[in-house]
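In case you want the letters, here they are:
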Amino acid sequence: MAYAPRSGGGGEGGDGERRGRGRRRDNDRNQQQAHSEGDELRDKLVTINRVAKVVKGGRRFSFAALVVVGDQKGRVGWGAGKAREVPEAIRKATERAKRTMIRVPMREGRTLHHDMIGEFGAGRVILRAAPAGTGIIAGGPMRAVFETLGMGDVVAKCTGTTNPHNMVKATFAALGKVTSPRAVAARRGKKVSDLIGPRKDEAAPAAQEAGGV
């Protein structure tokens, strides 16, 4: 005796449809979250190269893009993408840059806490803290990193290769080693004033009291 399959939401078909709807809702939620995060980020195209691959029928061209992304509040990342079309290469590089973002501590929200040297391959860069009003004194690839990072005063010099990829990677190697006095004090179990001394507004009354005595 043959039995006809039951129809309705209780069978395998109903479970599959529910799982499919759940996956679609999750994908839509992830896309909305990524779009909201992307609205706060600023991306900057550093360089784009046309790459040729020699095949049997001739040459096959593609494009390689290098992009830096940051929120101008202390977070920045870089990414490289390759595709047959320029927009697709830039999109791939931007997505990779968003996944590799790092946070860089800044003094007063405008400059570095201390000088730093970064190296990657043949690339070597020197980053120096600068007083207020100096601006960004750096080359093209490094300037793009600082602008997307939100750093307003810094002096940078490239003493190695001028290849944009190595310059950007050396800059990130230097930024990754920057530490703040608060982090150092927490690691050593001390107060920030024990490392950098009292502030000017706190040191003035102390000096007056010492002079009066």
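Residues numbered from 1 in each chain as written. Predicted model: local features only at pLDDT ≥ 70, side-chain atom pairs only at ≥ 80, totals over all residues. Heavy atoms only, no water.

Turning our attention to the pairing of strand 3 (residues 75-83). Of the pairings in the sheet, the one linking strand 2 (residues 58-70) to strand 3 comprises eight bridges and is antiparallel in character. Bridged to L66 within strand 3 is A80. The turn joining strand 2 and strand 3, which pair antiparallel and follow one another in sequence, is formed by four residues; a positive phi near 60° is taken by Q72. The pairing of strand 3 with strand 4 (residues 102-103) spans two bridges and is classified as antiparallel. Note on strand 4: the bridge partner recorded for R75 is R103. (Pairing = 2+ DSSP bridges. Helix = DSSP H or I, 4+ residues; strand = E, 2+ residues; numbered from the N terminus.)

This next bit is on the side chain of N166. Within the secondary structure, N166 is located in helix 4 (residues 164-175). Setting aside chain neighbours within four positions, we find N166 in contact with F120, A122, G123 and T161. (Contact = heavy atoms within 4.5 Å.)

Right, let's get into a nonpolar patch on the surface. Taken together, V192, L195 and I196 make up a surface patch of nonpolar side chains, about 230 Å² in accessible area. Here L195 shows up in helix 6 (residues 192-196). (Patch = residues over 30% accessible without salt bridge, like charges linked within 9 Å, V, L, I, M, F, W, Y side chains within 5 Å. Areas by Shrake-Rupley, 256 points an atom, 1.4 Å probe, with all protein chains shown as cover. Salt bridge = Lys/Arg side-chain N within 4 Å of Asp/Glu carboxyl O.)

Turning our eyes to something else, we now look at the sheet that holds strand 2. The antiparallel open sheet is built from four strands, whose spatial order is 1-2-3-4. What marks the edges here is a single partner per strand, and that holds for strand 1 (42-55) and strand 4. On the sheet, helix 3 (residues 140-149) packs against strand 1, strand 2 and strand 3 and is oriented at approximately 140° with respect to strand 1. (Axes fitted to C-alpha atoms, helices over the stretch in contact; angles between N-to-C directions.)

Now for the packing of helix 3 against helix 4. Contact geometry of helix 3 with helix 4 gives a least axis separation of 8 Å together with a crossing angle of 45°. It follows that helix 3 is oblique to helix 4 by the angle criterion. Note on packing geometry: the crossing formed by helix 3 with helix 4 is right-handed. When helix 3 is examined against helix 4, the residues P141, M142, V145, F146 and L149 are found in contact with a partner set consisting of P164, M167, V168, T171, F172 and L175. Taken together, the residues that form the contact of helix 3 with helix 4 break down as 10 nonpolar, one polar and no charged. (Parallel < 35°, antiparallel > 145°, perpendicular 65-115°, else oblique. Left-handed = near helix turned anticlockwise from the far one by under 90°. Nonpolar A, V, L, I, M, F, W, Y, C, P; charged D, E, K, R; others polar.)

Once that is clear, we can look at helix 2 (residues 86-99). The end-to-end C-alpha distance of helix 2 is 20 Å, a good match for the 20 Å that 14 residues give at a rise of 1.5 Å each. In this fold, the buried residues of helix 2 make contact with strand 1, strand 2 and strand 3. (Expected span 1.5 Å × (residues − 1).)

What follows is about the environment of R96. Inspection of the secondary structure puts R96 in helix 2. Note: C-alpha distance between R96 and V67 (29 residues apart in sequence) is 9.0 Å. Sequence-distant contacts of R96, defined by excluding residues within four places in its chain, comprise W78, G79, A80 and G81.

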